[in-house]
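Each chain, written out:
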Amino acid sequence: MAADLSARDVERVKFAFSIYDFEGNGTMDAYYIGDCLRALNLNPTLAVIEKVGGKEKRKEKMIKLDEFMPIFAQVKKDKDAGSFEDFMEVLKLYDKAENGTMMYAELEHILLSLGERLEKAELEPVLKECCPEEDEEGCIPYEPFLKKITQLL
């Protein structure tokens, strides 16, 4: 599977892996698999990270670069990650007036109840940072929110 990677991807993976190789011995703690994948512009869910060998505690397992390459290739191929355009299409379903806005409360509800659920305390700082101000009807333009949130991922 790692053979499917371009030379550029291989170099990027080596560089990112080296950042998480804190000991300089060619290994990375499996606890950092998700962080390393995110540093490579991938957006794995916690379930995907667990499935590919990510650990919840430090020092449970160390992996080598040749073990991480197929993990990167597998997650990169994953079509379930979604793109900006995919998310725009979903949020358009909540755009009742078809004017590029949706109810702030609906966005909050979606993020609290669908997919990998967030706790309200986790969600509040994200919305505060990424959402434009609500208008007098409680609506926000969702495209600026998506642009900011996908840049953070």
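Quick look at the structure, then. (Residues numbered from 1 in each chain as written. Predicted model: local features only at pLDDT ≥ 70, side-chain atom pairs only at ≥ 80, totals over all residues. Heavy atoms only, no water.)

**Concerning the overall build of the protein**
Applied cut-off: Helical segments are the DSSP runs of H or I of at least four residues, strand segments are the runs of E of at least two, and each set is numbered from the N terminus. Only protein chains enter the calculation, and the probe is 1.4 Å; a residue is then buried if its accessible area is under 20% of its type maximum, exposed if over 50%, and partly exposed in between. Only heavy atoms matter for contacts: two residues are in contact if any of them lie within 4.5 Å across the pair. His residues and chain termini do not enter the charge count, which takes Lys and Arg as positive and Asp and Glu as negative. Charge positions come from single atoms, namely NZ of Lys, CZ of Arg, CG of Asp or CD of Glu.
Scanning the protein for helices and strands turns up 8 helices and 4 strands. Taken from N to C terminus, the helices and strands of the protein fall in the order α-β-α-α-β-α-α-β-α-α-β-α. Taking all 153 residues of the protein together, the buried fraction comes to 32%. When contacts within the protein are restricted to residue pairs at least 6 apart in sequence, those whose partners lie at least 24 apart make up 61%. Taken together, the 21 basic and 32 acidic charged side chains of the protein have centroids lying 7 Å from each other.

**A word on the packing of helix 1 (residues 7–20) against helix 4 (residues 65–77)**
So the rule is basically this: For helices, the fitted line uses only the C-alpha atoms of the stretch in contact; every axis is such a line through C-alpha atoms, and the angle between N-to-C directions lies from 0 to 180 degrees. Orientation labels follow simple angle bins: below 35 degrees gives roughly parallel, above 145 gives roughly antiparallel, 65 to 115 gives roughly perpendicular, and whatever is left gives oblique. It is the rotation of the near helix from the far one that decides the hand of a crossing: anticlockwise by less than a right angle makes it left-handed, clockwise makes it right-handed.
In the contact formed by helix 1 and helix 4, the axes pass within 11 Å of each other and the chain directions differ by 120°. The pairing of helix 1 with helix 4 is recorded here as oblique in orientation. For the pair helix 1 and helix 4, the crossing hand works out as right-handed. Along the contact surface, helix 1 presents Asp9, Val10, Arg12, Val13, Lys14 and Phe17, while helix 4 presents Leu65, Phe68, Met69, Phe72 and Lys76.

**Describing a negative patch on the surface**
To keep it simple, the criterion reads: Residues enter patches when their relative accessible area tops 30% and they take part in no salt bridge; the joining distance is 9 Å for like charges and 5 Å for the nonpolar side chains Val, Leu, Ile, Met, Phe, Trp and Tyr. Surface accessibility in these figures is a Shrake-Rupley result with a 1.4 Å probe; residues are shielded only by whichever protein chains are displayed. We define a salt bridge as a contact between a side-chain nitrogen of Lys or Arg and a carboxyl oxygen of Asp or Glu at a distance within 4 Å.
Together, Glu133, Glu134, Asp135, Glu136 and Glu137 line one region of the surface with negative charge. Mapped onto the elements, glutamate 134 comes out in the loop between helix 7 (120–130) and strand 4 (139–141).

**Observations regarding the packing of aromatic side chains**
Basically, it comes down to this: Here a Phe, Tyr or Trp ring, Trp counted by its six-membered ring, pairs with any other such ring whose centre lies within 6.5 Å, and the pair is stacked when the planes are under 30 degrees apart, edge-to-face when over 60, and tilted otherwise.
Applying the stated criterion to the full structure yields 5 aromatic pairs. Here the aromatic rings of tyrosine 20 and phenylalanine 22 are separated by 6.1 Å at their centres, their planes lie at 65°, and the arrangement is edge-to-face. Its relative accessible area of 17% is what places tyrosine 20 among the buried residues. Both rings, one in tyrosine 31 and one in tyrosine 32, keep their centres 5.0 Å apart while their planes meet at 90°; by these two values the pair is edge-to-face. The buried category is assigned to tyrosine 32, whose relative accessible area is 14%.

**A short note on the environment of aspartate 66**
Mapped onto the elements, aspartate 66 comes out in helix 4. Between the alpha carbons of aspartate 66 and glycine 26 there is a distance of 9.8 Å; along the sequence they are 40 residues apart.

**Digging into unusual backbone geometry**
Glycine aside, the phi torsion of most residues is negative, and most peptide linkages are trans. Unusually for a residue other than glycine, lysine 59 sits at a positive phi of about 65°. In this structure, lysine 59 sits in the loop between helix 3 (46–51) and strand 2 (62–64). On the basis of relative accessible area, lysine 59 is assigned to the exposed category, the value being 74%. Of note in the backbone geometry, glutamate 98 takes a positive phi value of approximately 50° without being a glycine. Tracing the sequence through the fold places glutamate 98 in the loop between helix 5 (84–92) and strand 3 (101–103). A relative accessible area of 73% places glutamate 98 in the exposed class.

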